[in-house]
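Here is how the chains run, residue by residue.
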Amino acid sequence: MNSFTFKKKFGQNFLTDQNLLKSICQDAGISKTDEVLEIGPGMGALTKHLCKAGKKVVAYEIDVDLKDYLNSLEQDNLKVEFKDILKENIENIENNFKNNYKLVANLPYYITTPILFKFFNEAKKLESLTIMVQKEVGERMCAKVGETNYGALSVCCAFFGEPKIMRIVSKKMFHPQPDVDSCIVRLDFNKRFDVDKKSFFEIVKIAFKSRRKTLLNNFAEGLNLKKADIEKVDFDFSRRAENLTVDEFVWLTNIFGRFISAGEKNK
Ligand code: SAH
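Values in this document were obtained by computation on a predicted structure and should not be read as measured data.

Visitor: What's the story with the sheet that holds strand S2 (residues 35-39) in this structure? I'm lost.
Guide: Within a beta sheet, neighbouring strands are joined by backbone hydrogen bonds and run either parallel or antiparallel to one another. Read across the sheet, seven strands follow the order S4-S3-S2-S5-S6-S9-S7 without closing on themselves; strand pairing throughout is mixed. Here the strands that pair on one side only, and so sit at the sheet edges, are strand S4 (78-81) and strand S7 (164-169). Averaged over all pairs of adjacent strands, the angle between strand axes in this sheet comes to 15°, irrespective of strand direction. The pairing of strand S3 (residues 56-60) with S4 spans four bridges and is parallel. Paired with tyrosine 60 across the two strands is glutamate 81, which belongs to S4. Together, S2, strand S5 (101-106), strand S6 (126-134) and strand S9 (182-188) form the strand contacts of helix H5 (residues 112-122), whose direction differs from that of S6 by roughly 170°.

Shown next, in the form of structure tokens:
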């Protein structure tokens with residue numbers, strides 16, 4: 001097996017502590033009937049535990065230099081795809097699974113948000129995600145309305161369920177060691193709102209565009225509407241996005257969603 005050089009450009013921070021790896025599987029609630037998607041298996045540290053706990057694991061890894069390590073795992077319920085998860089079509093990813101699947105990953109931090117939004121926007125069979133993210137990102141994901149960290153990411157997570165920080169993980173647990181601590185966040189996709197998902201995300205993005213501005217200003221700019229027309233709707237538009245609940249964003253999407261330009265919606 002060739003010696004391996006860590007690649008910063010792929011966000012490679014590997015785990016080795018077996019107790020921690022086992023705990024992550026437990027945090028995800030993986031049982032013998034579960035199909036699991038792992039993003040970024042690296043040398044397979046977490047993968048081994050997932051294969052043991054679950055029924056089937058499909059792992060996407062971008063770095064072909066890890067082929068020897070991953071092929072030597074010899075788990076018969078494991079399939080590794082050497083592909084960039086962001087470039088892979090969601091149908092191709094989901095065709096790997098018979099039923100709903102759980103996403104578990106020690107995510108590459110440099111693309112945490114694009115990965116989250118890929119699955120938020122496109123996934124049809126995702127049951128839950130349990131991911132390692134930077135502590136600060138985890139806090140933003142889990143923030144409740146009124147809290148300092150509450151933002152577009154918190155609202156988008158709360159659209160699907162109630163995200164929870166399952167454990168804080170010290171930066172000392174990684175090789176090479178990153179600059180900041182991390183945490184495991186779990187989000188079960190168990191909420192359903194009667195609204196177009198893509199329009200909802202777009203409205204949230206527009207509402208938070210300039211945090212200090214009122215909804216009136218952000219909507220007028222982002223939706224290209226006259227302020228007087230916005231104010232015809234019975235809602236207090238002098239409020240700021242950071243004070244709105246998910247239900248209020250859903251309500252606003254059902255009214256203003258049709259003003260999102262087609263180009264924005266299909267992005
Ligand atoms: N799961 C391993 C490694 C985590 S580091 C462990 O816990 O030890 C993040 C991993 O994601 C690396 O293996 C990196 O090569 C991989 N990765 C980075 N960008 C990726 C992408 N776009 N698609 C798939 N895998 C990616």
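Visitor: Sorry if this is basic, but what is going on with the packing of helix H8 (residues 197-207) against helix H11 (residues 246-256) here?
Guide: Each pair of packed helices gets described by two things: the angle between the helix axes and the distance between those axes. Across the interface, H8 lies against H11 with an axial gap of 9 Å and an inter-helix angle of 105°. By the criterion of interaxial angle, the relationship of H8 to H11 is roughly perpendicular. Across the interface between the two elements, Ser199, Phe200, Ile203, Val204 and Ala207 of H8 pack against Val246, Phe249, Val250, Thr253 and Phe256 of H11.

Visitor: Quick question: what am I supposed to make of the nonpolar core here?
Guide: Grouped burial of nonpolar side chains is what soluble globular proteins tend to show. Counting residues in hydrophobic clusters, the biggest one holds 64 residues, and the most contacted among them are Phe119 and Phe219. Broken down by element, the residue count for this core peaks at six residues, all from H8. Of the residues that make up this core, three or more belong to each of domain 1 (8-188) and domain 2 (197-265). Leave out the neighbours within four places in its chain, and phenylalanine 119 touches Leu37, Ile39, Ile85, Ile90, Ile93, Tyr101, Leu103 and Leu126. Counting 26 residues, the second-largest nonpolar core is a separate cluster that includes Cys25, Leu46, Val57 and Leu78.

What counts, and at which threshold
Residues numbered from 1 in each chain as written. Predicted model: local features only at pLDDT ≥ 70, side-chain atom pairs only at ≥ 80, totals over all residues. Heavy atoms only, no water. Pairing = 2+ DSSP bridges. Helix = DSSP H or I, 4+ residues; strand = E, 2+ residues; numbered from the N terminus. Axes fitted to C-alpha atoms, helices over the stretch in contact; angles between N-to-C directions. Contact = heavy atoms within 4.5 Å. Parallel < 35°, antiparallel > 145°, perpendicular 65-115°, else oblique. Core = buried A, V, L, I, M, F, W, Y, C linked by side-chain atoms within 4.5 Å. Buried < 20%, exposed > 50% of the residue type's maximum accessible area, 1.4 Å probe, protein only. Domains from an automatic or database assignment.

Keep in mind that these numbers describe shape and distance, not what the molecule does.
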